[in-house]
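Structure assessment
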Amino acid sequence: MAGSEKAGDRSIRRVLIVGGGSAGWMTAAALAHALPRGCAISLIESEEIGTVGVGEATIPPIKLFNDTLGIAEDEFMKATKGSFKLGIEFVDWAKIGHRYFHPFGEYGKPFDLVPVHQHWLAARAAGCSVPLDDLAMAWGAASRDRFAKPLADPRSIGSTFSYAYHFDAGLYAKFLRSYAEARGVVRHEGKVASTAIDGASGHVTSVTLDDGRVLEGDLFIDCSGFRGLLIEGALKTGYDEWTRWLPCDRAVAVPCEHGAGFTPYTRSTAREAGWQWRIPLQHRVGNGYVYSSAHLGDQEAADTLLANLDGKPLADPRGLRFVTGRRKLFWNANVIAIGLSSGFIEPLESTSLHLIQAGISKLLAFFPTLDFDPAVRDEYNRVAITEVERIRDFVILHYKLTQRDDSALWRDCAAMDIPDTLAWKIGHFRRDGKLLSRDMDLFGSPSWLAVHVGQFNLPERLDPLLDYGDGAAKSRTFVEQLAAAVARAAETMPTHADYIAHHCAA
Ligand code: FAD
């Protein structure tokens, strides 16, 4: 007898996912894996509406998502024409002509109680010119266009980095769709025309498609993209805007042919009214200009993008509009918003796909029953909101710390008020180089360090503990030896192109 037929069964037996972009198919794949029996999982998507079609750079936790689902890396990379990502290079962000790297992984290896970066600061104060970037294994490899997997031996400098992927967003959704359908997820093609809500509970009971089909569910996952069909359209949850801190609200995207250099990293180049991404895949390079419509026209943005490509464009530029912020609740009644329907932080640190993954993890951690206990829902929302606001702060940091004054956008950003949670972090680092973290920071100390130093938020004094150590000369020797070890280890790696050719060429 199926569980739903048992008297008193309060288990969720029908999950309906609305939307089949990356969010919809990641959720479908994960639920199919986690709930192998006893729950009917369906997904509605509309080919006519299509998906947002971008979202091609990721951060290291995505590996965990794939590993949990039992997805083999090489197979995944072939299917999505993917490449490897060791971090993000930021060009012209602090000031024109300056670049720095946000590496995945650590800076060197700790050798005493004082953090490595404090030794670097002490060495720098003593005249050492080794850039902080050179202490990160990820940059050692990235700057040489090299890639290999991190070594397992924790004593080796080759173990101190991590990596993520770049992939084709369309192929990614297709790959996950076959994974999910093979595990029983049922896909419905069609457009949702209306939503029925139970008057007493305020819960969504069904959606009706434009051809008249009615699809019911116990739990609804809204993956309908910026529209937020259920969370906003039906439930009117409300939205907190963050445009005052993150002014970019448009993007124009275009793929192009490869030019020189198959880099194992994303590049972000600050431009007059925003920034341009460059994401190398096996078969093309993805590019886009994220900009503020208050500071730049659409045509100028497209022209700037087209003038700054590695090779011939492979399509016409495509415009996208968004409002940075978050839904007031991520889980409302029996609807959980995952993906763009839950909000959007512009893609500077490639965090949206991660937030989908984080949403799915929380959904499983707080999986409801038909009772929809408000305490469970509230905790989900508390964690989700904290998580996304910490990421928001990290992205604002890049804008706030600019020293550019060549255009209105950058002058406005340098002068803007920022959230207290971020001011607290900037202040502590500026005082004596302390990297503080409070509640659920996705980005760890090395990431914050990269941006503070990369954008010249340098401490006014060194860590007091250094006063009790072996002195600046010792710090300098350590830093120079570390940079040399990173360089040596990087030289032993194959090139990114060779690594892909041998392991996962499409
Ligand atoms: P969508 O892709 O928009 O999918 C929505 C789905 O809902 C579609 O299947 C659509 O057909 C369906 N739908 C909508 N309305 C209806 C209806 N009425 N009936 C039936 N179906 C419907 N993220 C990253 O992690 N890294 C990046 O580098 C990155 N870059 C980005 C760059 C830009 C400019 C933008 C805007 C976003 C970027 N993102 C990035 C975010 C990333 O693209 C999204 O998080 C991801 O693609 C998930 O989108 P989604 O599935 O929520 O929405």
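Residues numbered from 1 in each chain as written. Predicted model: local features only at pLDDT ≥ 70, side-chain atom pairs only at ≥ 80, totals over all residues. Heavy atoms only, no water.

Here the focus is the packing of aromatic side chains. Applying the stated rule across the entire model yields 28 aromatic pairs. With a centroid separation of 5.7 Å and an interplanar angle of 75°, the aromatic rings of phenylalanine 76 and phenylalanine 175 are classed as edge-to-face. With phenylalanine 76 in helix α3 (residues 73-80) and phenylalanine 175 in helix α6 (residues 169-182), this pair connects stretches of sequence that are 99 residues apart. Looking at phenylalanine 76, the relative accessible area reads 0%, which means it is buried. (Phe/Tyr/Trp six-rings, centres within 6.5 Å; stacked < 30°, edge-to-face > 60°. Helix = DSSP H or I, 4+ residues; strand = E, 2+ residues; numbered from the N terminus. Buried < 20%, exposed > 50% of the residue type's maximum accessible area, 1.4 Å probe, protein only.)

Before going further, it helps to examine the confidence of the model for the chain. The predicted coordinates ought not to be read in detail in places where the model reports low pLDDT. A residue-level look at the chain finds 99% of positions with pLDDT of 70 or above and a mean pLDDT of 96. Taken as a whole, residues 1-5 scores under 50 in pLDDT and shows 5 contacts with residues more than four places along the chain or in a different chain. (pLDDT = per-residue confidence, 0-100. Contact = heavy atoms within 4.5 Å.)

In this section: the environment of threonine 195. Its place among the elements puts threonine 195 in strand β8 (residues 192-197). Along the chain, threonine 195 and leucine 235 lie 40 residues apart, while their C-alpha atoms are 9.7 Å from each other. Once residues lying within four places of it in the same chain are set aside, the contact partners of threonine 195 are Val204, Ser206, Val207, Leu230 and Ala234.

Most of helix α4 (residues 116-125) sits out of view: 8 of its 10 residues are buried. Along α4, the positions that sit buried rather than exposed are Val116, His117, Gln118, His119, Trp120, Leu121, Ala122 and Ala123. If you follow the buried residues of α4, they end up packed against α12 (420-432), α13 (445-454) and α14 (472-491). One or two residues past the end of α4 sits glycine 127, with phi positive at roughly 100°.

For the rest of this paragraph, the subject is the pattern of salt bridges. One pass over the full model with this rule turns up 37 salt bridges. Across the salt bridge formed by arginine 144 and glutamate 491, the nearest N and O atoms sit 2.8 Å from each other. On the criterion of sequence distance, the pair formed by arginine 144 in the loop between α5 (137-142) and β6 (164-166) and glutamate 491 in helix α14 is long-range, its members being 347 residues apart. Judged by relative accessible area, arginine 144 falls into the partly exposed class, the value being 29%. The closest approach of N and O atoms between arginine 476 and glutamate 480, which form a salt bridge, is 3.1 Å. Of this pair, arginine 476 and glutamate 480 both sit in helix α14, 4 residues apart, which is roughly one turn of the helix. Classification of arginine 476 by relative accessible area gives partly exposed; the value is 29%. (Salt bridge = Lys/Arg side-chain N within 4 Å of Asp/Glu carboxyl O.)

What follows concerns the nonpolar core. In terms of nonpolar packing, the biggest core is built from 127 residues, with Ile17, Phe84, Trp93, Leu135, Ile221, Ile338 and Tyr399 touching the most fellow members. Top element by residues in this core is helix α10 (residues 374-400). It accounts for 10 residues. Among the nonpolar cores identified, the runner-up in size contains 15 residues, and Val204, Leu215, Leu230 and Ala337 belong to it. (Core = buried A, V, L, I, M, F, W, Y, C linked by side-chain atoms within 4.5 Å.)

For the coordinates displayed, the defined rule picks out 0 disulfides. We note that cysteine 223 lacks a disulfide partner, and the nearest cysteine sulfur, in cysteine 39, lies 14 Å from it. (Disulfide = S-S within 2.5 Å.)

Inspection of the region around the ligand gives 34 residues, with Gly20, Ala57, Val192, Leu340 and Leu353 positioned closest. In the environment of the ligand, an oxygen atom lies 3.3 Å from a nitrogen or oxygen atom belonging to the backbone of serine 22. Within the backbone of serine 46, one N or O atom sits 3.1 Å away from an oxygen atom of the ligand. Computed on the free molecule, the ligand has an accessible area of 1,000 Å², of which 97% lies beneath the protein chains in the complex. (Near = heavy atom within 4 Å. Polar contact = N/O pair within 3.5 Å; in protein donor to acceptor, adjacent residues only side chain to side chain. Areas by Shrake-Rupley, 256 points an atom, 1.4 Å probe, with all protein chains shown as cover.)

So, on to unusual backbone geometry. A positive phi is found at lysine 81, a non-glycine position, where the angle reads about 50°. With respect to the helices and strands, lysine 81 occurs in the loop between α3 and β3 (83-85). The phi angle at aspartate 145 is positive, at roughly 55°, despite the residue not being glycine. Considering the arrangement of structural elements, one finds aspartate 145 in the loop between α5 and β6.

Each domain of the chain was delimited in the assignment, giving domain 1 (14-56 + 168-241 + 325-372), domain 2 (83-166 + 391-498) and domain 3 (250-321). If you average the C-alpha positions of domain 1 and of domain 2, the two centres end up 36 Å apart. The partner domain 2 presents 15 residues to the 9 residues of domain 1 that form the contact. For the pair domain 1 and domain 2, the summed buried area comes to about 970 Å², and 68% of that belongs to carbon and sulfur atoms. The largest share of the area that domain 1 buries against domain 2 comes from Ile345, Leu348 and Glu349, three residues that together contribute 56% of it. Here domain 1 is connected to domain 2 by 0 salt bridges. (Domains from an automatic or database assignment. Buried area = accessible area lost by both parts, 1.4 Å probe.)

Now for the sheet that holds strand β11 (residues 219-222). Reading across the sheet, the 6 strands line up as β7-β2-β1-β11-β20-β19 and stay open at both edges, with mixed pairing between neighbours. For this open sheet the edge positions go to β7 (186-189) and β19 (331-332), each flanked by a neighbour on one side alone. Here β11 runs beside strand β20 (residues 335-337); their pairing, made up of 3 bridges, is parallel. Counterpart to phenylalanine 220 in the pairing with β20 is valine 335. (Pairing = 2+ DSSP bridges.)

Looking now at the sheet that holds strand β10 (residues 214-216). Within a beta sheet, neighbouring strands are joined by backbone hydrogen bonds and run either parallel or antiparallel to one another. Spatially, 3 strands are ordered β8-β9-β10 in an open sheet, and the strand pairing comes out antiparallel. Since the sheet does not close on itself, it has two edges, and those belong to β8 and β10, each with one partner. The mean inter-strand angle of the sheet, taken between neighbouring strand axes irrespective of direction, is 25°. (Axes fitted to C-alpha atoms, helices over the stretch in contact; angles between N-to-C directions.)

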